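For reference, the chains in residue letters:
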Amino acid sequence: MRKLSFSPVELDAADPLRSFRSEFVINDPDLIYLDGNSLGRLPVRTASLMRQAVEQEWGVRLIRGWNEEWMALSERIGGKIARLIGAEPDEVILTDSTSVNLFKLAFAAMKYQADRDIILTDSLNFPSDLYVFQGLDAILTNACFVDVLKSDDDIITNEEFLLDRIGKETALVALSHVAYKSAFLYDMKRITEGAHEQGAMALWDLSHAVGAVPVDLNGAGADLAVGCTYKYLNGGPGSVAFLYVRKDLQDKLINPIWGWFAEQNPFEFTREFRPAAGIRRFLVSSPPVLSARATEPGLDLLLEAGMDRVRTKSVAQTEYLIRLCDEYLAPLGFELASPRDSAIHGSHVSIRHPEAFRINQAMISPPDGARQVIPDFRAPDLIRLGVAPLYNSFQDIYDTIHRIRQIVDGGIYLKMSGKREVVT
Ligand SMILES: *Cc1c(COP(=O)(O)O)cnc(C)c1O
């Protein structure tokens, strides 16, 4: 067995990615940020790029900006995302939000396979994804049926059961590649092949996977995918999302929203819609330029670091976190709510405790003047610790576990009100 050092100082000194931390804005060096899986930190380069985009491109170049830079953004940045997810550059485009893209692609898949009516997903999937599928059921004239496979422990989905459940009525198998609560990592290739064996399509939501684990859409034969850029891609709050449609499917599928940017030539202003060839037909509107601009520096940093190195560090860090948890937190009533085996585990770790909410509050707003730690809370009893290998150190992890121990052991959480904010 590999020997795991317990000294965070040694682990950080041996970390080949440690210099990337200085690429991010860290105003308060005392704050430990373990929420990069909800909102990634701001890259230093983004701040200056945004200043230039606002003052020069918008302020000075005005409408000329469209031809100079902006019209090509969605495809150009999509091409960079493609390199992180094992796709060709003309298979990925930056557009809309994750939920809107999910709607567009799930609709397209249901329409394309009108002789099948089941969307198969599971209870680990993100609620917005489940809502989008329920909404499709409500609006499609040929009612579709959303089959939600229940996970026994809320941590993993039994892939055997899932594969058995795919049948001749299944149009679409739609899952998150990394589950948002437990960080369970699905075997994308196995499930996609299982879907194809039954004639179904596979749609993957990469929101908690992209920038956290290596993804190989082409290698897995995936049909469709969507994903978010404000988590591990560090694109900024509510930044534009992306979608992927495998090359051979692009001209066969219909985007349900026929906006002018999906037209062959938006600036011809024809009255009859003619869908563009290729990935552009999945656009709708003019791109949110400033938001799109902000996604690029974070992508460049990940491409520089390389997903293999990011994954190696992520595995080392989540294993370290779990080991510290076993040692220091399990005796205080904590349970691991993520898979133990790194082969099926993404880059965040959930731990469960009956007092999770107040412990989380005491981490964020320490009543004893200790340093702040920001994780997030997921109802009813989970603390999610997001590890972003580009800027989190082993020391961050070590200090967090010791802070949690102090909060529980010293009864510090008892001072917290338990009152919930809108965003947790
Ligand atoms: C974060 C996340 C989303 C985000 O959806 P928005 O439409 O961008 O708000 C969607 N799906 C999953 C699985 C996510 O983790």
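Residues numbered from 1 in each chain as written. Predicted model: local features only at pLDDT ≥ 70, side-chain atom pairs only at ≥ 80, totals over all residues. Heavy atoms only, no water.

Engineer: Tell me about the sheet that holds strand 3 (residues 118-122), residues and numbers included.
Structural biologist: Within a sheet, adjacent strands bond to each other through the backbone by hydrogen bonds, running parallel or antiparallel. In space, the seven strands of this open sheet follow the order 2-8-7-6-5-3-4, with mixed pairing throughout. Because the sheet does not close on itself, it has two edges, and the strands there are strand 2 (92-94) and strand 4 (145-149). Between one strand and the next, the sheet's axes are offset by a mean angle of 20°, whatever the strand orientation. Pairing of strand 6 (residues 201-205) with strand 7 (residues 224-227), which is carried by three bridges, proceeds in the parallel orientation. The residue of strand 7 that forms the bridge with Trp204 is Ala225. (Pairing = 2+ DSSP bridges. Helix = DSSP H or I, 4+ residues; strand = E, 2+ residues; numbered from the N terminus. Axes fitted to C-alpha atoms, helices over the stretch in contact; angles between N-to-C directions.)

Engineer: I'd like to hear about the layout of surface pockets, residue by residue, with values.
Structural biologist: Of the voids in this model, the largest pocket is the one considered here, and its volume is about 470 Å³. Forming the boundary of the largest pocket are 21 residues, of which Ile364, Asp376, Glu421, Val423 and Thr424 lie nearest the centre. Elements represented by at least two residues in the lining of the largest pocket include exactly helix 13 (356-364) and strand 12 (376-378). Broken down by element, the lining of the largest pocket gets its largest block of residues, four residues, from helix 13. (1 Å grid on protein atoms, 1.4 Å probe; cavity = no way out; pocket = protein on both sides within 12 Å on 5 of 7 lines; lining within 4 Å. Points joined across faces, edges and corners; volume = space filled by probe spheres on them.)

Engineer: Can you explain the packing of helix 11 (residues 296-305) against helix 12 (residues 307-329)? Please cite residues and give values.
Structural biologist: Where helix 11 meets helix 12, the axes come as close as 6 Å, and the angle between the chain directions of the two elements is 85°. One way to sum up the angle between helix 11 and helix 12 is to call them roughly perpendicular. Of helix 12, the residues touching helix 11 (which contributes Leu302, Glu304 and Ala305) are Met307, Arg309 and Val310. Taken together, the residues that form the contact of helix 11 with helix 12 break down as four nonpolar, no polar and two charged. (Parallel < 35°, antiparallel > 145°, perpendicular 65-115°, else oblique. Contact = heavy atoms within 4.5 Å. Nonpolar A, V, L, I, M, F, W, Y, C, P; charged D, E, K, R; others polar.)

Engineer: Which residues make up the sheet that holds strand 9 (residues 335-336), and what values do they have?
Structural biologist: Overall, antiparallel pairing links the four strands, which are arranged 9-10-13-12 in an open sheet. Strands at the two margins of the open sheet, each flanked by one partner only, are strand 9 and strand 12. Sheet topology note: the strand 12/strand 13 (residues 382-386) ladder contains three bridges and is antiparallel. Bridging across to strand 13, Asp376 finds its partner in Arg384. Each of strand 9, strand 10 (348-352) and strand 13 touches helix 12; the most contacted strand, strand 10, lies at about 15° to it.

Note that all results are geometric; they support no functional claim without further evidence.
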